[in-house]
Amino acid sequence: MQILRKTELKAFKKAKRLGASGIIKILKQKGLVGRGGAAFPTGTKWEFALNTKANEKFVICNADEGEPGTFKDKFIIKYNPEALVEGILIAAYTIKARQAFIYLRGEYSYLENHLKRVVSKVLRKAKSSLKIGIIVGAGAYVCGEETAVIESIEGFRGQPYYKPPYPPTQGLYGEPTIINNVETFANVPQAILFNDWDKELRLYSLSGNLTNPGIYELPVGYSLAELIGLGKPKNKIKAVYFGCFGGCIPYSDIKLTPENVCGKNCAVGAFTIIAVDEKQSILDIAENIAKFYEHESCGKCTPCREGTKRICDIIRKIKSGKAGKDDLADLKELAENIQETSLCGLGQTATNHLLTALQYFKKEFEERIK
Amino acid sequence: MKIKIDGREIECEKNKTILDICDENSIEIPKLCLIEDLKPEARCRLCIVEMNGKLATSCSIYPNEGCNILTDSQKVIKARKINMELLMAGHIRNCAVNGESNELCRLLDKLKIERIRFEPIRKYKQDLSESVIRDDNKCINCGKCIRACGEIMEVYAIDFAGKGHNEHVSPYSGHRLHDVACIKCGQCIAACPVGAIYEREHLYEVIKALKNKKKHVVVQTAPAIRAAIGEEFNMPAGSLVTGKMVAALRRCGFDRIFDTPLGADMTIMEEASEFLERVKKNGLFPMITTCCPSWIKFMEHFEHELIPNMSTCKSPHEMLGILTKTYYAEKSGINKKDIVVVSVMPCVAKKFESTRPELKSAVDYAITTREAAKIIRYFKIDFRNLPGEDFDNPLGIATGAGVMFGASGGVMEAALRTAYEFAANKPLKKLEFNQIRGMEGIKEGSIALNGKKINYAVAHGGKNIRRLLERKDKYHFIEMMACPGGCIGGGGQPLPLTKEILQKRMNAIYEEDSRLPIRKSHENPIVRTIYKEYLEHPLSKKAEKILHTRYYKRSEF
């Protein structure tokens, strides 16, 4: 696997030779984009932070991988943490940051000691004066949102705030901050060092009603049917969820490119694929995900705080068979409103699963209606 | 740059939010969570507008050159309505007390919402304290109280707890308000758009006392009331209604109406003498005023090393209260057990103050300006058309100095007038100290007393108090007021408290000062009589006993 190739600090040494602008140029050339889901060009992000004048700059590695069905960051932290730390070193070198943070998901706290050992080993080897602090979250999904990560590190309630200003110009403690996903940082040294580095390769987190789930490194645009085939399903697959936020599509053989998936009102995000077979009810899944969002909403903005709760209530009502046609209309209206008027990415995507389910599997909802 | 709002081409500046631009062009946009002068949080999502086809919160978004903004498209109206419904879902329905409307009710009418699809689910216990009561069942999580407490007052007594729909406002660590470091300033009451925080009312007790023939009910009114109570009766902000206020209270059945500024004059006599004593003995500086009970509590919690610096004077209404029950009772021959003293205060902390055990408060009920207006309405008095009347004797003559206590900087100005004349033994040439007037957060100046240069400073609002304390050693005399603007911006005053309204009230206070015949506390004939007949001289043993108090160290949490 490409992601597991060791670079042994050679990339860091090369980066030092290249200088800040050289690093950014090479990252842009190689086409590295953020792997957290938004696919923002990494070189451009770093350039913003580099060009903002400030006394202090920070680097944050977002390891708060809370998306259900996504487990690629854990895989990297377990099997190639050196690449991750080297990526952070290069980022800090680029913008002359003296302090970096790794914001580790609360549920991954068992990896903290392992990561700490690697961090101190790599820093010692690199003879770098950079400080890398590991901060373990308290388990809130919303803390994966970049501004919420910043609030959380600063010691406030993990709640997002509106953008702009974006973190590369005004982030942690109001200073320019680079904040990238684990997979992005782990790819940085390889993109810099190896000429044969393939920018199209992604880590697919495959799970659901499959007998062979796991992490698969495959290129963007891989066929969904072949991917599901790798997972060896027992029953016929009915639908595919792109994580909780990405929404769902009826199972068909499509190429997994962002454009293809977006055309179906979904978001491919961090390449999370959850397969659902015929024996599952979409309504059960909708309730489960709605419950998840009700629990994980941070409570800051009105539509997400109150709306996710009401969505959950209406789905339960439909499930119990007591709901009428009005409820279904309310459900759609409310879901659209949450999507359009919420403050952060959590709220804006919290009802994607429902809207796509209502689009493609409306029958299953209507069957339960009086 | 040029943008388009509702089809209208509008020229605007670049660093302004959509909401600001709309305000300037008198396009009304509903909003609930915005606080004047603070960075928007964009919580309530009611100020939504359509920008280039997408919905955006107008309070936080800066428009781009040439963008097209719609403030009343179908999409915008629908989104606002649903968000309003969702807000209402967290708010109990039977909230309106005596049909009084609040910001939320008014918005509900404006957005024309007939049906709310979602049933409220909140079940919280009321948080009762001596002065401030919180009811989370009415709360809509707009966060304004938290920001008023944290960012304006820098007290941080309350914050959000819980997440998702369980998010609610809570004092530190889930305690109740009276167990935490809350200074009872009531700025959260002023900030709340839904009436989920309110003062502990003493209406029932006061009206009961008024109807009891055996009781001799004495009311005193603080200086800041006369500049504000008119607003409760739809008069413009800054209307000076001293005469009407006295007339209205008299018609409510209060037996005597005394003027708290007289108590303020007494405070000045004691405080100025105390200050001169310190100057003479080269005592502990800075000396800090103690008229504001919120500031006292603030000091006891966060700055208790200042206790020796504090003046020991009671607050003006407590002084007048005790004088009513001693001096006035003796003079008029009424048994002091039959006297009920009611203070009309702009303040909710005074309610707490009157429960302090060491004070043995002579004030039976401290009510706010809003409560006083309620009592006047209860007796169905047509406030606006009342004639002007005067305060009652013997405790009814006040000076301009006493009246100025209502505005930030007033205590200092009044004290300086008296201290100067005490020390120099000659009249002050110019009575106005313009450098400590106005709405600026920290004001300072200096004056020569007997050849010694005295630096003085004034701060109002918790944030400014903290800033001033960082450099307190420079000064000899400091006035602190917890509420922004001083008592005119107190937590018990008519709402809302915007900067514009505060400025108007402040002007009214200074107008009253310049209007009054006597403008220096020590020239008040009643003050002179009281000292001659009863207290001998300032800081006498008797005065120490009834007019002074002490303070305690409290926990920072």
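Residues numbered from 1 in each chain as written. Chains lettered and ligands numbered in written order. Predicted model: local features only at pLDDT ≥ 70, side-chain atom pairs only at ≥ 80, totals over all residues. Heavy atoms only, no water.

1. Comments concerning the interface of chain B and chain A
Consideration 1: Tallying the contact residues gives 34 residues for chain B and 28 residues for chain A.
Consideration 2: Roughly 2700 Å² of surface becomes buried between chain B and chain A when both sides are summed, with 51% attributable to carbon and sulfur atoms.
Consideration 3: Per-residue buried area on chain B facing chain A is highest for B:Leu86, B:Lys163 and B:His165; these three make up 23% of the total on that side.
Consideration 4: On the surface where chain B and chain A come into contact, there are five salt bridges.
Consideration 5: For A:Glu333, the salt bridge identified is with B:Arg117, shortest N-O distance 2.8 Å.
Consideration 6: On the surface where chain B and chain A come into contact, there are 20 residue pairs in polar contact (both at pLDDT 80 or more).
Consideration 7: Contributions of two or more residues to the side of chain B that touches chain A are made by helix H2 (74-89) and strand S7 (158-161) of chain B.
Consideration 8: Considering each element in turn, the side of chain B that touches chain A owes the most residues, eight residues, to H2(B).
Consideration 9: Each residue belonging to the side of chain B that touches chain A can be placed in one class, and the counts come to 15 nonpolar, seven polar and 12 charged. (Contact = heavy atoms within 4.5 Å. Buried area = accessible area lost by both parts, 1.4 Å probe. Salt bridge = Lys/Arg side-chain N within 4 Å of Asp/Glu carboxyl O. Polar contact = N/O pair within 3.5 Å; in protein donor to acceptor, adjacent residues only side chain to side chain. Helix = DSSP H or I, 4+ residues; strand = E, 2+ residues; numbered from the N terminus. Nonpolar A, V, L, I, M, F, W, Y, C, P; charged D, E, K, R; others polar.)

2. Digging into the pattern of salt bridges
Consideration 1: For the structure on display, the rule yields 68 salt bridges over all chains.
Consideration 2: The shortest N-O distance in the salt bridge between B:Lys163 and A:Glu296 comes to 3.1 Å. In this pair, B:Lys163 is assigned in the loop between S7 and strand S8 (168-171) and A:Glu296 in helix H10 (residues 282-296), connecting two distinct chains.
Consideration 3: Judged by relative accessible area, A:Glu296 falls into the buried class, the value being 8%.
Consideration 4: Taking the shortest distance from any N to any O, the salt bridge between B:Glu41 and B:Arg43 comes out at 2.9 Å.
Consideration 5: The exposure class of B:Arg43 is buried, given its relative accessible area of 3%.
Consideration 6: Here the salt bridges share partners, and the residues they tie into one network are B:Glu413, B:Arg417, B:Glu432, B:Arg437, B:Asp513 and B:Arg519. (Buried < 20%, exposed > 50% of the residue type's maximum accessible area, 1.4 Å probe, protein only.)

3. A few points about a positive patch on the surface
Residues and elements named next belong to chain B.
Consideration 1: A cluster of like positive charges, contributed by Lys336, Lys337, Lys360, Lys542, Lys545 and Arg550, occupies part of the molecular surface.
Consideration 2: Within the secondary structure, Lys545 sits in helix H19 (residues 541-547).
Consideration 3: By relative accessible area, Lys545 is classed as exposed at 70%. (Patch = residues over 30% accessible without salt bridge, like charges linked within 9 Å, V, L, I, M, F, W, Y side chains within 5 Å. Areas by Shrake-Rupley, 256 points an atom, 1.4 Å probe, with all protein chains shown as cover. Lys, Arg positive; Asp, Glu negative; His and termini not counted. Charge placed at Lys NZ, Arg CZ, Asp CG, Glu CD.)

4. So, unusual backbone geometry
Consideration 1: That bond from A:Lys163 to A:Pro164 is cis: its omega, -5 degrees, falls within 30 degrees of zero.
Consideration 2: When you line up the elements, A:Pro164 lands in the loop between helix H6 (146-154) and strand S4 (177-181).
Consideration 3: The amide bond that connects A:Pro164 to the next residue, A:Pro165, takes the cis arrangement and shows omega of 0 degrees.
Consideration 4: Residue position: A:Pro165 is located in the loop between H6 and S4.
Consideration 5: The backbone of B:Arg45 shows a phi angle near 60 degrees, a positive value even though the residue is not glycine.
Consideration 6: On the secondary structure map, B:Arg45 appears in the loop between helix H1 (18-24) and strand S3 (48-51).
Consideration 7: Despite not being glycine, B:Glu536 has its phi angle at roughly 70 degrees, a positive value.

5. So, the packing of helix H11 (residues 302-319) of chain A against H2(B)
Consideration 1: One can describe the packing of H11(A) onto H2(B) by two numbers: an axis separation of 9 Å at closest approach and a directional angle of 70 degrees. Here H11(A) is positioned roughly perpendicular relative to H2(B), judged by the angle of their axes. Where H11(A) abuts H2(B), its residues A:Thr302, A:Pro303, A:Arg305, A:Glu306, A:Gly307 and A:Arg310 lie against B:Asn83, B:Leu86, B:Leu87 and B:Ala89.
Consideration 2: Taken together, the residues that form the contact of H11(A) with H2(B) break down as four nonpolar, three polar and three charged. (Axes fitted to C-alpha atoms, helices over the stretch in contact; angles between N-to-C directions. Parallel < 35°, antiparallel > 145°, perpendicular 65-115°, else oblique.)

6. Concerning the nonpolar core
Across soluble globular proteins, you tend to see nonpolar side chains buried next to one another.
Consideration 1: In terms of nonpolar packing, the biggest core is built from 100 residues, with B:Met84, B:Trp295 and B:Met480 touching the most fellow members.
Consideration 2: Of the residues forming this core, the biggest block, eight residues, is contributed by helix H15 (residues 410-424) of chain B.
Consideration 3: Apart from residues lying up to four places away in sequence, B:Met84 is in contact with B:Leu46, B:Leu104, B:Leu107, B:Leu108, B:Leu111 and B:Ile113.
Consideration 4: With 67 residues, the next largest nonpolar core counts A:Ala286, A:Leu346, B:Met51 and B:Ala56 among its residues. (Core = buried A, V, L, I, M, F, W, Y, C linked by side-chain atoms within 4.5 Å.)

7. Details of the domain arrangement of chain B
Residues and elements named next belong to chain B.
Consideration 1: By domain assignment, chain B separates into domain 1 (2-87), domain 2 (122-200) and domain 3 (203-547).
Consideration 2: Opposite the 20 residues of domain 2 that make contact, domain 3 presents 26 residues.
Consideration 3: Interface area for domain 2 against domain 3, summed over the two sides, is near 1800 Å², with a carbon-plus-sulfur share of 60%.
Consideration 4: Of all residues in domain 2, Glu154, Ile183 and Glu199 give up the largest surface area on contact with domain 3, accounting jointly for 30% of the area buried on that side. (Domains from an automatic or database assignment.)

8. Some points on the domain arrangement of chain A
All names here are of chain A.
Consideration 1: Along its sequence, chain A is organised into domain 1 (2-193), domain 2 (201-277) and domain 3 (282-366).
Consideration 2: On a C-alpha basis, the centroid separation for the pair domain 2 and domain 3 is 22 Å.
Consideration 3: Opposite the 14 residues of domain 2 that make contact, domain 3 presents 14 residues.
Consideration 4: Both faces considered, domain 2 and domain 3 share a buried interface measuring about 1200 Å² in area, 65% of it formed by carbon and sulfur atoms.
Consideration 5: Of all residues in domain 2, Tyr241, Cys244 and Phe245 bury the most surface against domain 3, accounting for 43% of the area lost on that side.
Consideration 6: On inspection of domain 2 and its partner domain 3, the count reaches one salt bridge.
Consideration 7: For Lys238, the salt bridge goes to Glu364, with nearest N and O atoms at 2.8 Å.
Consideration 8: Applying the counting criterion to the domain 2 and domain 3 interface returns six residue pairs in polar contact (both at pLDDT 80 or more).
Consideration 9: Of all the secondary structure elements, the ones that give two or more residues to the side of domain 2 that touches domain 3 are strand S7 (237-241) and strand S8 (248-250).

9. Some details on the packing of aromatic side chains
Consideration 1: Applying the stated criterion to the full structure yields 19 aromatic pairs over all chains.
Consideration 2: Judged by centre distance (4.9 Å) and plane angle (65 degrees), the ring pair of A:Tyr141 and A:Phe292 falls under edge-to-face. Highlighted residues: A:Tyr141 in the loop between strand S3 (131-136) and H6 and A:Phe292 in helix H10, separated in sequence by 151 residues. Like A:Phe292, A:Tyr141 is buried.
Consideration 3: Taken together, the aromatic side chains of A:Phe58, A:Phe101 and A:Tyr173 make up a single cluster linked through ring pairs.
Consideration 4: Positioned above the aromatic ring of A:Tyr108, the side-chain terminus of A:Arg105 is 5.3 Å from the ring centre.
Consideration 5: Above the plane of the ring of B:Phe352 lies B:Lys297, whose end atom (NZ or CZ) is 4.9 Å from the centre. (Phe/Tyr/Trp six-rings, centres within 6.5 Å; stacked < 30°, edge-to-face > 60°. Lys NZ or Arg CZ within 6 Å of the ring centre and 35° of its normal.)

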